[in-house]
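Residue-level listing of the chains:
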Amino acid sequence: MAVLERITVYPIKSLDGVVVDACCVLQSAGLEHDRRWQLVDMEGRVVNAKRTALLHAIRTEYDIAGLQATGNADRPHATNTVSLAIDLNAVAAGAIRGIERMAHLSPETFPLVPGGDGPCGWLSEALGFGVLLLERQEGGFPDDREASGPTLIATATLVEVARWFGLDLDECRRRFRVNLEIEGCDAFWEDTLASPIRQELLPQVTEDTSNLPADPYADLPPPEPRTVAIGPIRLQATNVCRRCVVPSRDSRTGSVTEQFRDAFEARRQRSLRADVDAAAWSHWYRLAVNTVVVQDGPVASGDPVRA
């Protein structure tokens, strides 16, 4: 039986995530606290790892009311803070331009407040330009605004992609930054949730066309929304996520895996499941699925998954 294996929330977009035992799925916001905060520069442009690889070298720990990290004791007096530190292994690797200026920064803890206070002075010094912190408690800052629910993937998919590049599973998880991980199903199972009309529903082509209607597809029922239930919640898959440059870099040091996208696309195409129609995909650099929330509620590791 398929079950929810792992839940990861990313409070500040583009920085480290937090693995939690349980979380609320909100109708308007996906996972509670996920991408709740976002960095922008002084002109209001988004600051993320696509723009600056320096973010890979910043380690974070959070103390947020309602966000309980796996294995930690209950913290009823959470104060909404973030602790920041520079990963000295990233400095030693020297793979990111400008990383040497970050080495002197000491670990510090800051309140998570919008504007230019809180962690923004520390982060501005680390990045070499001024930043502000935005907060959107309801809705967060999802990558796909039309499908703002949690992203979803099979554990087996991550294991397979890790094998392609000689990565360990945790490194693959950090590179692709998916919210919900499902155990007990085959690799690339999630593709079936977001595939278009299945080939077996299409009319059979024969040499005799005399009995075909003017539009042979007119009588087909519209494709049913592909939904998945996880415990009490229901999600509707929308599309397979298009990927950016971030997965091609080591999540801790920023070192680039050469020819990552080319190798990924070649293997992805060869690994396509027979029951998935990828005709609408513009490219093969895709992994995990975006969702919209159909039924909100709590989810927890070990919840059964029904698709």
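Residues numbered from 1 in each chain as written. Predicted model: local features only at pLDDT ≥ 70, side-chain atom pairs only at ≥ 80, totals over all residues. Heavy atoms only, no water.

**Topic: the packing of helix H3 (residues 155-165) against helix H4 (residues 169-176)**
A pair of packed helices is characterised by two quantities: the angle between their axes and the separation of those axes.
Line of reasoning, step 1. Relative orientation of the contacting elements H3 and H4 amounts to 105°, with a least axis distance of 9 Å. Classified by the interaxial angle, the pair formed by H3 and H4 is roughly perpendicular. On H4, the residues touching Thr155, Leu158, Val159, Val161 and Ala162 of H3 are Leu169, Cys172, Arg173 and Phe176.
Line of reasoning, step 2. Across the contact of H3 with H4, the residue classes tally to seven nonpolar, one polar and one charged. (Axes fitted to C-alpha atoms, helices over the stretch in contact; angles between N-to-C directions. Helix = DSSP H or I, 4+ residues; strand = E, 2+ residues; numbered from the N terminus. Parallel < 35°, antiparallel > 145°, perpendicular 65-115°, else oblique. Contact = heavy atoms within 4.5 Å. Nonpolar A, V, L, I, M, F, W, Y, C, P; charged D, E, K, R; others polar.)

**Brief notes about the environment of Val159**
Line of reasoning, step 1. Note that Val159 resides in helix H3.
Line of reasoning, step 2. In this structure Val159 comes out as partly exposed when scored by relative accessible area, which is 43%.
Line of reasoning, step 3. A C-alpha to C-alpha distance of 8.1 Å links Val159 and Ala187, two positions 28 residues apart in sequence. (Buried < 20%, exposed > 50% of the residue type's maximum accessible area, 1.4 Å probe, protein only.)

**Comments concerning the sheet that holds strand S6 (residues 58-63)**
Line of reasoning, step 1. Pairing is antiparallel across the open sheet formed by three strands, whose spatial order is S6-S7-S8. Looking along the sheet, the strands with just one partner apiece sit at the ends: S6 and strand S8 (108-111). Going from strand to strand, the sheet's axes swing by 25° on average, the running direction of each strand aside.
Line of reasoning, step 2. Examined bridge by bridge, strand S7 (residues 81-86) and S8 share four bridges and lie antiparallel to one another. Residue Ser83 lies in a different strand from S8, and its bridge partner there is Thr109.
Line of reasoning, step 3. Docked against the sheet, helix H2 (residues 120-127) engages S6, S7 and S8, running at close to 25° with respect to S7. (Pairing = 2+ DSSP bridges.)

**Observations regarding the packing of aromatic side chains**
Line of reasoning, step 1. Per the counting criterion, the structure on display carries eight aromatic pairs.
Line of reasoning, step 2. Ring geometry for Phe165 versus Phe260: centroids 4.3 Å apart, planes at 25°, classification stacked. Taken as a pair, Phe165 in helix H3 and Phe260 in helix H6 (residues 260-270) lie far apart in primary sequence, 95 residues in all. Assigned by exposure class, Phe165 and Phe260 land together as buried.
Line of reasoning, step 3. Among the aromatic side chains, those forming a connected cluster through ring pairs are Trp164, Phe165, Phe176, Phe188, Phe260, Phe264 and Tyr285. (Phe/Tyr/Trp six-rings, centres within 6.5 Å; stacked < 30°, edge-to-face > 60°.)

**Things to note about the side chain of Glu265**
Line of reasoning, step 1. Among the secondary structure elements, Glu265 is positioned in helix H6.
Line of reasoning, step 2. Looking at Glu265, its side chain comes within polar contact range of the main-chain nitrogen of Tyr285, at 3.3 Å. (Polar contact = N/O pair within 3.5 Å; in protein donor to acceptor, adjacent residues only side chain to side chain.)

**Brief notes about the sheet that holds strand S3 (residues 22-26)**
By definition, the strands of a sheet pair up through backbone hydrogen bonds, in either a parallel or an antiparallel sense.
Line of reasoning, step 1. Within the open sheet, the three strands sit side by side as S4-S3-S15. Their pairing is antiparallel. Both edges of this open sheet fall to strand S4 (30-31) and strand S15 (297-300), since each of them pairs with a single strand only.
Line of reasoning, step 2. Both S3 and S15 contribute to a ladder of four bridges, which runs antiparallel. When the bridges of S15 are listed, Cys24 appears paired with Pro298.

**Things to note about the packing of H3 against H6**
Line of reasoning, step 1. It is at 11 Å that the axes of H3 and H6 come closest, and there the two elements cross at 130°. By the angle between their directions, the pair H3 and H6 is classed as oblique. Where H3 crosses over H6, the two elements pack in a sense that is right-handed. Contacts between H3 and H6 involve Val161, Trp164 and Phe165 on the former and, on the latter, Phe260, Ala263, Phe264, Arg267 and Arg268.
Line of reasoning, step 2. Across the contact of H3 with H6, the residue classes break down as six nonpolar, no polar and two charged. (Left-handed = near helix turned anticlockwise from the far one by under 90°.)

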